[in-house]
Each structure stands twice: as structure tokens, then as C-alpha cells.
Amino acid sequence: ELGWISKVYVNQPAVVRHAERIQKWRTVKGNWQAAWLLKAVTCIDLTTLSGDDTPSNVHRMCFKAKHPIREDLLKAMDMHDKAITVAAVCVYPARVTDAVNALKAAGCNIPVASVAAGFPSGQTPLETKLAEIKLAVQYGAREIDIVISRSLVLSGQWEGLYEEIRQCREACGEAHMKTILATGELGSLANVYKASMIAMMAGSDFIKTSTGKEVENATLPVGVVMMRAIKEFYWQTGNKVGFKPAGGIRTAKDAITWLMLVKEELGVEWLKPELFRLGASSLLEDIEKQIFHHVTGSYALQHDLAMA
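Residues numbered from 1 in each chain as written. Predicted model: local features only at pLDDT ≥ 70, side-chain atom pairs only at ≥ 80, totals over all residues. Heavy atoms only, no water.

## Points about the pattern of salt bridges
Inference 1: Taken as a whole, this structure holds 21 salt bridges when the rule is applied.
Inference 2: The salt bridge partner of E288 is K64, with a shortest N-O separation of 2.8 Å. Taken as a pair, E288 in helix 12 (residues 283–296) and K64 in helix 3 (residues 55–66) lie far apart in primary sequence, 224 residues in all.
Inference 3: Judged by its relative accessible area of 4%, K64 is buried.
Inference 4: Its salt-bridge partner being R228, residue E265 comes within 2.6 Å of it at the nearest N-O pair. (Salt bridge = Lys/Arg side-chain N within 4 Å of Asp/Glu carboxyl O. Helix = DSSP H or I, 4+ residues; strand = E, 2+ residues; numbered from the N terminus. Buried < 20%, exposed > 50% of the residue type's maximum accessible area, 1.4 Å probe, protein only.)

Have a look at this one:
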């Protein structure tokens, strides 16, 4: 429905002011901070997307996905019986089988997410994108993070973008599809809003800010605009679409800020793994350090915590 986006105008100064206000919020402390951080853990897509990924480091990451916080720290907070794990592990298609096998051996049901469709640039023929998606699903991925062709946004080819995402959705089959907009390369916040709407119209289960490989990744102004699009889509259709910021989210404070923004813009019902994810590779390490400090009153030394 192109009428939804034909006259979109984004008041960029207002959005930026709103984002700056969010960054000045006083952070929560004590038990409240620990509770927010454990909530953040359950929404993390623990990710490794490096050229030197091997079966061994994927196996290590999967073990960390099942045991994200040290058991004695959880016991001290009386949270050891709450089955706290990350939401998913995210890898390249070639490493999906390694991740599936590692999680199966660990006896847990954490889903494996795979990037696909020409990640990260999107500069791949559509036929190749669809074949890559189907292979990732065949290997055992239950979630697929596709990336759009930015040129379709920059040239205003909205029908073409819709058709590309629709075919990717079809190729995913039963797997959930997260659509990466690569917002740092879309040129304007208006384009971010329009691309968000088109992605949701085409059947995306989530819309995601970035690949983590762009110069500019997840920013609060972009998050505000994407969440407003999600809210508008929900009002128009009754369908709830998830949101995933990714790239540059490294500290516990960053995680809490994003959680608070989601709570303010979309409501508490979005604060669950089914509708909110944090794409991160190093975030979990800082969260565990903060929880260690909360429980013990001292800062963790390098050997105190397992590598995230």
C-alpha cells in the first residue's frame, strides 16, 4: 500500500532532540539494574560474524549462549532456576550446522539464526540470495537475517523492494525472517521509515537496524523512527512486528537504554524475545561484569568470567 509512505515526512530535529533526551535519562541502580540486565540477556542474539570463525569458537559461543551468566551469580540473585539463556545465536550459513550440533549436544532449544541474502552488502543477484536462504534453512537455521538492496531504497523503487523481501520471506518457509535495513546507508530518516514499512508489508517478522558492518550502525534516532513505523503498522493491521537494533551496542548501559526506549515507544508487551532482540557480540561480557559487581561488590578480574 504505497499510500502509507507517499507523503511521509520525518521531523529530524525533533527526533534527534528526543534521542538526546533519552540518553540523559538516569540509569536504574541496584536490584532494578540487575533485573533489567537479566532481561537484556534473554533478548540477545549472541553473534559471531568473522571471516576466521571456526567450529571450535562457534561451539564455545553456543555453550556461553546456554550459560550466559555464571551459575553462582544467578544463585546469589535467586535466579538460577529461571532457565536464563540468550534468545538465539547468529552465524554465517557455513557455520549453521556447527551451531545446531553444538546446541543439540548441550541439550538446549536455543534457535540458530543465520545471516543471508548477500550479507552484509546486499550486492548479490536475487537468485543467489534466495538460494542462500534456502540452504541456511536446510542446514537447520530457524531464523534468517536477510539484508535488503540499498539501491532500491535510494532510487525509490518501493515495489521492487517489496517484491525482493516478499520472495525472501517465501524462501524462509517456517523460519522467522528479520529484515536488515542497513539504516546508515539509506540516506535519510524518511527512507528509514519507508523501508521499515515496506519490509513489514512484505511479511518480515522483525525489522533490524544494521549489519554491524556499516560505518554507522544502530543509533537512537533511527530506533525511534523504526519503532514509530512498527507502531503505525500495528495500528493499521493489528500485526506486531519485532525490532532488533544491532551494531555498536557494547555496554550494559547501552542495553538498558534500548530496553527503556522500546518500553516507552512500543510498550511492555514488546519487551520479550519474540518481539525484541539485541544483536551483539561483546555486549554479554559487559553485562556479566556488571552483574558480578552487583553480587560481589567488586569488579571482575580477567580470569573470573568465561569469554562471552
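## Quick word on the nonpolar core
Inference 1: V89, I133, I144, L161, W258, L278 and I287 are the most contacted members of the largest nonpolar core, which has 101 residues in total.
Inference 2: Take this core: its biggest share by element is 10 residues, from helix 9 (residues 189–201).
Inference 3: When residues no more than four places from it in sequence are discounted, the contact partners of W258 are A218, T219, L220, G223, M227, F243, P245, I249, F276 and L278.
Inference 4: Judged by nonpolar contacts, the second largest core, of 7 residues, contains A113, V115, F119 and I180. (Core = buried A, V, L, I, M, F, W, Y, C linked by side-chain atoms within 4.5 Å. Contact = heavy atoms within 4.5 Å.)

## Quick notes on the packing of helix 9 against helix 10 (residues 220–237)
Inference 1: Following both chains from N to C, one finds helix 9 and helix 10 inclined at 40°, their axes separated by 9 Å at the closest point. By the angle class used here, helix 9 and helix 10 are oblique. Crossing of helix 9 against helix 10: the hand is right-handed. Between helix 9 and helix 10, the residues in contact are L189, V192, Y193, S196, M197, M200 and M201 and P221, V222, V225, M226, R228, A229, I230, E232 and F233, respectively.
Inference 2: Partitioned by chemical class, the residues of the contact of helix 9 with helix 10 number 13 nonpolar, 1 polar and 2 charged. (Axes fitted to C-alpha atoms, helices over the stretch in contact; angles between N-to-C directions. Parallel < 35°, antiparallel > 145°, perpendicular 65-115°, else oblique. Left-handed = near helix turned anticlockwise from the far one by under 90°. Nonpolar A, V, L, I, M, F, W, Y, C, P; charged D, E, K, R; others polar.)

## Section: unusual backbone geometry
Inference 1: A cis amide bond links F119 to the next residue, P120, at an omega of 0°.
Inference 2: Secondary-structure assignment places P120 in the loop between strand 3 (112–116) and helix 6 (126–139).
Inference 3: The phi torsion at A83 lies on the positive side, around 55°, for a residue other than glycine.
Inference 4: As for its placement among the helices and strands, A83 is situated in the loop between helix 4 (71–76) and strand 2 (88–91).
Inference 5: For A83, a relative accessible area of 66% puts it in the exposed group.

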